[in-house]
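# Descriptive structure summary
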Amino acid sequence: MPKKIAAGNWKMNGTSAALTQLEALAPVAAASTGVLTLICPPASLISRAAGLGVEIGAQDCHAAVSGAHTGDISAEMLADAGASHVITGHSERRQDHHETDADVAAKTQAGWRAGLTVILCIGESEEQYRAGQTLDVLRGQLAGSVPQGAGPDNIVIAYEPIWAIGTGLTPTVEEIAKVHAFIRAELGAAHTEGAEISLLYGGSVKASNAAEIFAVADVDGGLVGGASLAAADFAPIVTALAAS
Ligand code: PGA
C-alpha cells in the first residue's frame, strides 16, 4: 500500500515566529496514525524546525554536492540541517527559475544521493488543460524528470495542476481520479514497484475539500501550500487524511 502523506509547502513564508505552528501541529501529527505529516519550511528554518515533532522537508536543492554556486543549497546540506524530504520540480521553480525536466531529474538524484525522499511535482498549465493536453504533458514530465531507480522508498509524486495552485480552483474529483490512475499506471510500467509510489494531489487543498479529495482512488495524500501555514488550517487536513 502506498504511504499516506500530508505535506505542507510554506514556500517563501515564515520566520522564527512560525515555529510555534509546528509545535501546535505536533500532537495532531502524533495522533494521526498511518499518516506521515511533513512541513517544508523555508531553508532558513529547517534546522530549528527539525525535532519539533513534525517531519521536515526542503523546497528545492542544487544538483551538486558543493561548490561555487552562490545562493544555492545542496541536498547534503539540507539533510545535515535535519530535512528528511525535498521537493523537486515545483511549478514555481519550473517557471520562475526555468527548471527543465533534466534539471528536475538531476536534483532528484541529488536528493537520493543525500538520503532524502523526493517529492517530485508535475502538472499542466491552464492553457494545456483547456487544450486537453493534460495526460500528454504529464507523460512527458514523468518520462523526463523521474529517474530510473524510483520506487516507494525514495520518491513521492505530487500532481499539481498549475491553474489550481493558490487560485481556489480545483479539478473535479473525476478529473483527479483519471489523472492519478494515469500516473499510477505510467509509474507502474516504468519502474519496479512504481505502482506503490505515493501520489499526492496539490492545488487549493483546504479543510473544506480535503475529505472529498482524499476519498478519490489513487490519491494518497496532499501537497498543501496556503492552508499549511497555520496549524489550525492544516490540522483538519491531516485528520481528514487519517480518516480516509
Ligand atoms: P496551494 O499551493 O495549496 O496554496 O494552492 C499548493 C502548492 O503549490 O504546493
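Below: a short report on this structure. Keep in mind the model is a prediction, meaning the values are calculated, not measured.

## Notes on the overall build of the chain
When helices and strands are counted, the chain shows ten helices and eight strands. Taking 18 Å as the expected radius of gyration for a compact globule of 244 residues, we find that the chain reaches 16 Å, a close match to that expectation. By residue count, 51% of the 244 residues in the chain fall in the buried class. Across the chain, the fraction of contacts at a sequence separation of at least 24, relative to all contacts at a separation of at least 6, is 72%. Element-wise, carbon and sulfur atoms account for 54% of the exposed surface of the chain, whose accessible area totals about 10,200 Å².

## Details of the sheet that holds strand S6 (residues 155-159)
Reading around the circumference, S1-S2-S3-S4-S5-S6-S7-S8 is the order of the eight strands in this closed barrel, with parallel pairing throughout. In this sheet, neighbouring strand axes are inclined to one another by 25° on average, regardless of whether the strands run parallel or antiparallel. Across three bridges, strand S7 (residues 198-202) lies against strand S8 (residues 221-224) in parallel orientation. Residue pairing across strands places Leu200 opposite Gly221, the latter belonging to S8. Across the sheet, helix H5 (residues 101-113) is in contact with strand S4 (85-88), strand S5 (117-122) and S6; its angle to S5 comes to roughly 165°.

## Details of the site of the ligand
As a structural note, the neighbourhood of the ligand is formed by 13 residues, with Lys11, His90, Glu160, Gly166 and Ser204 the closest of them. The separation between an oxygen atom of the ligand and a polar main-chain atom of Gly166 is 2.7 Å. A distance of 2.8 Å separates an oxygen atom of the ligand from a polar backbone atom of Gly225. Contact with the protein chains removes 95% of the 280 Å² of surface that the ligand exposes when unbound.

## Concerning helix H8 (residues 173-190)
Between its first and last C-alpha, H8 extends 26 Å over 18 residues, near the 26 Å set by a 1.5 Å rise per residue. Every buried residue belonging to H8 is among Ile176, Val179, His180, Phe182, Ile183, Arg184 and Leu187, and all of these are buried.

## So, the layout of surface pockets
In this model, the largest pocket occupies a volume close to 530 Å³. For the largest pocket, the lining is made up of 20 residues, of which Met12, Gln59, Asp60, Arg93 and His97 are closest to its centre. Ranked by residue count, the leading element in the lining of the largest pocket is helix H4 (residues 91-96), at three residues. Here the lining of the largest pocket is built from residues that sort into eight nonpolar, six polar and six charged.

## A short note on the packing of helix H9 (residues 207-214) against helix H10 (residues 231-243)
Relative orientation of the contacting elements H9 and H10 amounts to 20°, with a least axis distance of 9 Å. The angle between the axes of H9 and H10 places the two elements in the roughly parallel class. Our pair here, H9 against H10, has a crossing hand that is right-handed. Facing H9, whose interface residues are Ala207, Ala210, Ala211 and Phe214, H10 presents Asp233, Pro236, Ile237, Ala240 and Leu241. Looking at the contact of H9 with H10, its residues break down into eight nonpolar, no polar and one charged.

Thresholds, definitions, all that
Residues numbered from 1 in each chain as written. Predicted model: local features only at pLDDT ≥ 70, side-chain atom pairs only at ≥ 80, totals over all residues. Heavy atoms only, no water. Helix = DSSP H or I, 4+ residues; strand = E, 2+ residues; numbered from the N terminus. Rg over C-alpha atoms; globule rule 2.2 N^0.38 Å. Buried < 20%, exposed > 50% of the residue type's maximum accessible area, 1.4 Å probe, protein only. Contact = heavy atoms within 4.5 Å. Areas by Shrake-Rupley, 256 points an atom, 1.4 Å probe, with all protein chains shown as cover. Pairing = 2+ DSSP bridges. Axes fitted to C-alpha atoms, helices over the stretch in contact; angles between N-to-C directions. Near = heavy atom within 4 Å. Polar contact = N/O pair within 3.5 Å; in protein donor to acceptor, adjacent residues only side chain to side chain. Expected span 1.5 Å × (residues − 1). 1 Å grid on protein atoms, 1.4 Å probe; cavity = no way out; pocket = protein on both sides within 12 Å on 5 of 7 lines; lining within 4 Å. Points joined across faces, edges and corners; volume = space filled by probe spheres on them. Nonpolar A, V, L, I, M, F, W, Y, C, P; charged D, E, K, R; others polar. Parallel < 35°, antiparallel > 145°, perpendicular 65-115°, else oblique. Left-handed = near helix turned anticlockwise from the far one by under 90°.

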